[in-house]
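Fold and contact review
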Amino acid sequence: MSHDSHMNSSMLPTMHPDHHHTTAASGHDHGSGMMMMAMTFHFSYENVPLLFSGLTINTPGEMAGAFVAVFFLAMFYEGLKIARECLLRKSQVSIRYNSMPVPGPNGTILMETHKTVGQQMLSFPHLLQTVLHIIQVVVSYFLMLIFMTYNGYLCIAVAAGAGMGYFFFSWKKAVVVDITEHCH
């Protein structure tokens, strides 16, 4: 299948009937209600849409503020992932041992122990995990959409925030240690 007819629209000049000039994906709204977005990385701070139509960056100060906000949002995302893992571990620690008598050979009674691990579907830990999962998914899509603005400053904020969040929070990540292992 040839994709020759599907060239990147940001590379093609567009002619608008109500205008007498040609534009090359300048990001201006020409009455159609749609903004043309750059499909290549750029380092601009003017007319940069950020998630919502009313949230547009137009000054260096606004870009600096957006950078800091996106940086902390990416850090929050990494922290949320680790927090969910810690909460899951804590809720899984509630292991129950149930002992019950069972008949044994020659009329003896043996004690059988059952180990129960897990959580119930309608338990508070599971409901909390569900709400946190929804928040994590929404934040991850926000970060993806921010990165897809192709604005270099915002892309750096996403990557640096995720890296810093991983650095600060991942050391708390679960490390599997077998306490029955004696050969170190």
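The name given to the chain in an unreviewed UniProt entry is Copper transport protein, and the organism recorded there is Aythya fuligula. Listed under Sequence similarities (unreviewed entry) in UniProt, the entry text for the chain is "Belongs to the copper transporter (Ctr) (TC 1.A.56) family. SLC31A subfamily." Checking UniProt for the chain, the heading Function (unreviewed entry) contains the comment "Mobilizes copper(1+) out of the endosomal compartment, making copper(1+) available for export out of the cells."

Moving on, we come to the confidence of the model for the chain. In the predicted model, the chain carries a mean pLDDT of 76, and 64% of its residues have values of at least 70. In the predicted structure, residues 1–28 sits below a pLDDT of 50 and forms 26 contacts with residues beyond four places in sequence or in another chain.

Of all residues except glycine, most have a negative phi; of all peptide bonds, most are trans. If you check the backbone angles, Asn47 has positive phi at about 55° while not being a glycine. You can see Asn47 is positioned in the loop between strand E2 (22–23) and strand E3 (48–50). Even without a glycine there, the phi angle at Tyr150 is positive, about 65°. Here Tyr150 lies in the loop between helix H2 (124–147) and helix H3 (152–169).

Bringing the packing of aromatic side chains into the picture now. The description of two aromatic rings rests on the distance between their centres and on the angle between their planes. Under the definition given, this model contains six aromatic pairs. Summarising the aromatic geometry, the rings of Phe167 and Phe168 are spaced 5.7 Å apart at their centres and angled 65° between planes, so their arrangement reads as edge-to-face. By relative accessible area, which is 58% here, Phe167 ends up exposed. The rings of Phe41, Phe147 and Tyr150 are connected pair by pair, giving a single aromatic cluster.

Looking at the element boundaries, His133 is found in helix H2. Each C-alpha atom, one on His133 and one on Lys81, is 8.7 Å from the other, the two residues being 52 residues apart in sequence.

A separate point is the nonpolar core. Counting 14 residues, the largest nonpolar core has Leu50, Ile57, Val70, Leu143, Ile146 and Leu154 as the members making the most contacts within it. When residues of this core are traced back to their parent elements, those giving at least two are E3, helix H1 (60–92), H2 and H3. Looking at this core, the element that brings in the most residues is H1, giving five residues.

When the UniProt feature table is mapped onto this chain, "transmembrane region" (unreviewed entry) is found at residues 63–80. Measuring from the first to the last C-alpha atom of residues 63–80 gives 25 Å, for a span that is 100% helix and 0% strand.

Parameters at a glance
Residues numbered from 1 in each chain as written. Predicted model: local features only at pLDDT ≥ 70, side-chain atom pairs only at ≥ 80, totals over all residues. Heavy atoms only, no water. UniProt positions renumbered as here; feature names shortened; annotations may be inferred. pLDDT = per-residue confidence, 0-100. Contact = heavy atoms within 4.5 Å. Helix = DSSP H or I, 4+ residues; strand = E, 2+ residues; numbered from the N terminus. Phe/Tyr/Trp six-rings, centres within 6.5 Å; stacked < 30°, edge-to-face > 60°. Buried < 20%, exposed > 50% of the residue type's maximum accessible area, 1.4 Å probe, protein only. Core = buried A, V, L, I, M, F, W, Y, C linked by side-chain atoms within 4.5 Å.

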